[in-house]
Amino acid sequence: METTGSKLTNMPDADLVRLALEQNQAAFIVLYTRYNVGVRSHISRYVAQKEDIEDICLESFQKAFSQIGTYNTEYKFSTWLYRIARNTAFDHLSKHDREKNYMPTTSINEDITELKEIPATMHNPEEDIITQQEYDKWLNNIEKLKGDYHIVAKMNLIDNFGYKEISDALDMPINTVKTKIRRAKAMLLKMMDYSDELL
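Residues numbered from 1 in each chain as written. Predicted model: local features only at pLDDT ≥ 70, side-chain atom pairs only at ≥ 80, totals over all residues. Heavy atoms only, no water.

Asks: I'd like a description of the overall build of the protein, backed by residues and values.
Replies: Per the secondary structure count, the protein includes nine helices and zero strands. Helices (α) and strands (β) of the protein occur, in sequence order from the N terminus, as α-α-α-α-α-α-α-α-α. The proportion of buried residues among the 199 residues of the protein is 42%. Across the protein, contacts joining residues at least 24 apart in sequence account for 58% of those joining residues at least 6 apart. Element-wise, carbon and sulfur atoms account for 50% of the exposed surface of the protein, whose accessible area totals about 11200 Å². (Helix = DSSP H or I, 4+ residues; strand = E, 2+ residues; numbered from the N terminus. Buried < 20%, exposed > 50% of the residue type's maximum accessible area, 1.4 Å probe, protein only. Contact = heavy atoms within 4.5 Å. Areas by Shrake-Rupley, 256 points an atom, 1.4 Å probe, with all protein chains shown as cover.)

Okay, structure coming up:
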């Protein structure tokens, strides 16, 4: 797929998924950046512990990326991703916890024909390792950013602060926050060793 002249960060989900199917790692990173806050928020509906939410979020993305070929592009990517996140959260909850919180104690089988459970037989641990390595590299590169770029990137991409929260905390105009986050993301993609035409 030709990407010259088109920034990945501006691409719609469907185009990013097509690139991801070609194992374009930049596309995976952009999808992660676009949805990690929403996925964490979705998981927090079922799980209270912050550490567990982080673990489940990472596992959800690992599952989604390793099973990207099963995604049906007729439907919204976010719906498919959130379904994976919810199922992963439920996998982490014991039967006792589900009963205590009046949650279903059996496996989830909703009548949503377009959304399928991830088949266990399709799971590839090698792909999980690759995704984990990419994620670790992403976090390490955030730490390498200088000054305000490091601060806003960490607050937005790791700590999940919104633009207004960052603006208030740093006493910085919200438009400046948005610009710095956008530039930080561009720098991070370059640091991930992706060519300029992908940014």
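Asks: Any chance you could break down the pattern of salt bridges for me, citing the residues and the numbers?
Replies: Summed over the entire model, instances satisfying the criterion amount to seven salt bridges. Between D15 and R18 there is a salt bridge, with the nearest N and O atoms lying 2.2 Å from each other. Residue D15 and its partner R18 are located together in helix 1 (residues 13-21), separated by three residues, close to a single helical turn. Residue classification places R18 among the partly exposed residues on the basis of a relative accessible area of 40%. (Salt bridge = Lys/Arg side-chain N within 4 Å of Asp/Glu carboxyl O.)

Asks: If you had to explain the nonpolar core to someone new, which residues and values would you point to?
Replies: Proteins that are soluble and globular tend to have nonpolar side chains buried together. Among the nonpolar cores identified, the biggest contains 43 residues, and L8, V39, I43, V47, F61, F77 and W138 are the most heavily contacted of them. When contributions to this core are tallied by element, the ones reaching two or more residues are helix 1, helix 2 (25-43), helix 3 (50-66), helix 4 (77-92), helix 6 (125-144), helix 7 (147-158) and helix 9 (174-191). Considering every element that reaches this core, the biggest residue donor is helix 2, with 10 residues. Other than its neighbours up to four places away in sequence, F77 contacts D13, V17, L31, Y35, I68 and Y71. Grouped together as the second largest cluster of nonpolar side chains are six residues, M155, I166, M172 and I181 included. (Core = buried A, V, L, I, M, F, W, Y, C linked by side-chain atoms within 4.5 Å.)

Asks: Pulling in residues and values, what's your account of unusual backbone geometry?
Replies: For Q23, which is not glycine, the phi dihedral falls at a positive 65 degrees. Residue position: Q23 is located in the loop between helix 1 and helix 2. Since its relative accessible area comes to 46%, Q23 is described here as partly exposed. Of note, the phi angle at D171 is positive, near 55 degrees, even though the residue is not glycine.

Asks: Now, about the side chain of H150: what can you tell me, with residues and values included?
Replies: Tracing the sequence through the fold places H150 in helix 7. In terms of polar contacts, H150 uses its side chain to reach the side chain of E143, at 3.3 Å. Setting aside its immediate chain neighbours within four residues, H150 contacts I142, E143 and L145. (Polar contact = N/O pair within 3.5 Å; in protein donor to acceptor, adjacent residues only side chain to side chain.)

Asks: Got a sec to walk through the packing of helix 3 against helix 4? Specific residues and values, please.
Replies: Contact geometry of helix 3 with helix 4 gives a least axis separation of 9 Å together with a crossing angle of 130 degrees. Viewed along their axes, helix 3 and helix 4 adopt a mutual orientation that is oblique. Helix 3 and helix 4 meet at a crossing whose hand is right-handed. Counted together, I56, E59, S60, F61, K63 and A64 of helix 3 and W80, L81, I84, A85, T88, A89, D91 and H92 of helix 4 form the full contact between these two elements. Per-class residue counts for the contact of helix 3 with helix 4 are eight nonpolar, three polar and three charged. (Axes fitted to C-alpha atoms, helices over the stretch in contact; angles between N-to-C directions. Parallel < 35°, antiparallel > 145°, perpendicular 65-115°, else oblique. Left-handed = near helix turned anticlockwise from the far one by under 90°. Nonpolar A, V, L, I, M, F, W, Y, C, P; charged D, E, K, R; others polar.)

Asks: How would you sum up the packing of aromatic side chains? Please name residues and give values.
Replies: On inspection of all chains with the given rule, the structure shows nine aromatic pairs. Centre to centre, the rings of F61 and F65 are 5.7 Å apart; their planes meet at 55 degrees, and the pair counts as tilted. Of this pair, F61 and F65 both sit in helix 3, four residues apart, roughly one helical turn. The exposure classification of F61 matches that of F65, with both residues buried. Taken together, a centroid distance of 5.5 Å and an interplanar angle of 90 degrees make the contact between Y71 and F77 edge-to-face. Residue Y71 shares its accessibility class with F77, and that shared class is buried. Taken together, the ring pairs connect Y35, Y71, F77, W80 and Y82 into an aromatic cluster. The cationic tip of R86 hangs over the ring face of F90; the distance from NZ or CZ to the ring centre is 5.9 Å. One residue, K180, lies across the ring of Y149, its end atom 5.0 Å from the ring centre. (Phe/Tyr/Trp six-rings, centres within 6.5 Å; stacked < 30°, edge-to-face > 60°. Lys NZ or Arg CZ within 6 Å of the ring centre and 35° of its normal.)

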